[in-house]
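Observations on the three-dimensional arrangement
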Amino acid sequence: YKLIGTVREDKGFSYSAIVYDASKYEVLAQGCETYSYHASAECRNMSWAIFVNKSTGVKFAFISTHWDLGNEDNEQQMCKVQAEEMTKKIQSLKAEYNCPVIITGDFNCNNHSDSYNYFMSINGMTNAITNSEYYYNSKGTSTIDFIMITNGDGVFKGYKKLIDNGIAQISDHPANLADIDLIP
């Protein structure tokens, strides 16, 4: 396994790294960008990569992010800027590489919040928590950690919160898992 996005463009560390299986995927391009308006450059950024499956040739973009949180006006404005900048990145990767875009991350807002609803209204993503064919341990109703894909580019076959086998100890949030069938 290898890491992408451990260091930002300004040479600082990132907490939105991507871990991938280097024996299965080739990386065509990668980057790590800090949001222009944030409370912490280490946490408030997005790492991205363009992957090609070595055996199937299927290409996709992947973005990992971590947004700011809070309900104060300035905090809500930060989330709005982050939603807009992430949407621009989704659109540019999709246009440049002509491939599906998968995003994951800690959005620090649930799927009923104004920040989430604003993000979903401006970009065209499908969310695994509400759009999977199968739920391994009950259908999700609220979370702040999401797995999404650009509309029409894939099907979520299954979704699960990883809360067993000690994996809950790797973060202050339960990890999420989604089985995705990409539509290249």
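Parameters at a glance
- Residues numbered from 1 in each chain as written.
- Predicted model: local features only at pLDDT ≥ 70, side-chain atom pairs only at ≥ 80, totals over all residues.
- Heavy atoms only, no water.
- Helix = DSSP H or I, 4+ residues; strand = E, 2+ residues; numbered from the N terminus.
- Buried < 20%, exposed > 50% of the residue type's maximum accessible area, 1.4 Å probe, protein only.
- Contact = heavy atoms within 4.5 Å.
- Core = buried A, V, L, I, M, F, W, Y, C linked by side-chain atoms within 4.5 Å.
- Pairing = 2+ DSSP bridges.
- Axes fitted to C-alpha atoms, helices over the stretch in contact; angles between N-to-C directions.
- Salt bridge = Lys/Arg side-chain N within 4 Å of Asp/Glu carboxyl O.
- Polar contact = N/O pair within 3.5 Å; in protein donor to acceptor, adjacent residues only side chain to side chain.

1. Here we look at the environment of Tyr136
Relative to the elements of secondary structure, Tyr136 occurs in the loop between strand S8 (132-135) and strand S9 (145-150). The class for Tyr136 is partly exposed, based on a relative accessible area of 37%. Between the alpha carbons of Tyr136 and Tyr159 there is a distance of 6.2 Å; along the sequence they are 23 residues apart. Beyond its immediate sequence surroundings of up to four residues, Tyr136 is in contact with Gly158, Tyr159, Lys160, Leu177 and Asp179.

2. Some points on the environment of His38
With respect to the element layout, His38 can be found in the loop between strand S3 (25-34) and strand S4 (45-53). Separated by 37 residues in the primary sequence, His38 and Glu75 have C-alpha atoms spaced 8.5 Å apart. With sequence-adjacent residues up to four places away left out, His38 is seen in contact with Arg44, Asp68, Met78 and Gln82.

3. Remarks on the nonpolar core
Ranked by internal contacts, the top residues of the largest apolar core, which has 39 residues, are Phe51, Ile63, Met86, Ile103, Phe107 and Phe119. Excluding anything up to four places from it in sequence, Phe107 contacts Thr65, Trp67, Asp68, Met86, Phe119, Ile144, Phe146 and Met148.

4. Looking at the sheet that holds strand S11 (residues 175-182)
The mixed open sheet is built from three strands, whose spatial order is S8-S10-S11. Looking at strand neighbours, the two that pair on one side only are S8 and S11, the edges of this open sheet. Ignoring strand direction, the axes of neighbouring strands in this sheet form an average angle of 20°. Direction of pairing for S8 relative to strand S10 (residues 154-162): parallel, over a ladder of three bridges. Residue Ser132 lies in a different strand from S10, and its bridge partner there is Phe156.

5. A short note on the pattern of salt bridges
Overall, the coordinates contain four salt bridges when judged by the stated rule. A salt bridge links Glu133 to Lys157, with the nearest nitrogen and oxygen atoms 2.8 Å apart. Of this pair, Glu133 sits in strand S8 while Lys157 sits in strand S10, and the two are 24 residues apart along the sequence. Overall, Glu133 belongs to the exposed group, its relative accessible area being 54%. We classify Lys157 as partly exposed; its relative accessible area is 34%.

6. Points about the side chain of His66
Within the fold, His66 resides in strand S5 (residues 59-66). For His66, a relative accessible area of 16% corresponds to the buried category. A polar atom in the side chain of His66 sits 3.0 Å from the side chain of Arg44. Here the side chain of His66 touches Asp106 through a polar contact of 3.1 Å, side chain to side chain. In this structure His66 touches Ser16, Tyr35, Cys43, Arg44, Asn45, Asp106 and Asn108, once residues within four positions along its chain are discounted.

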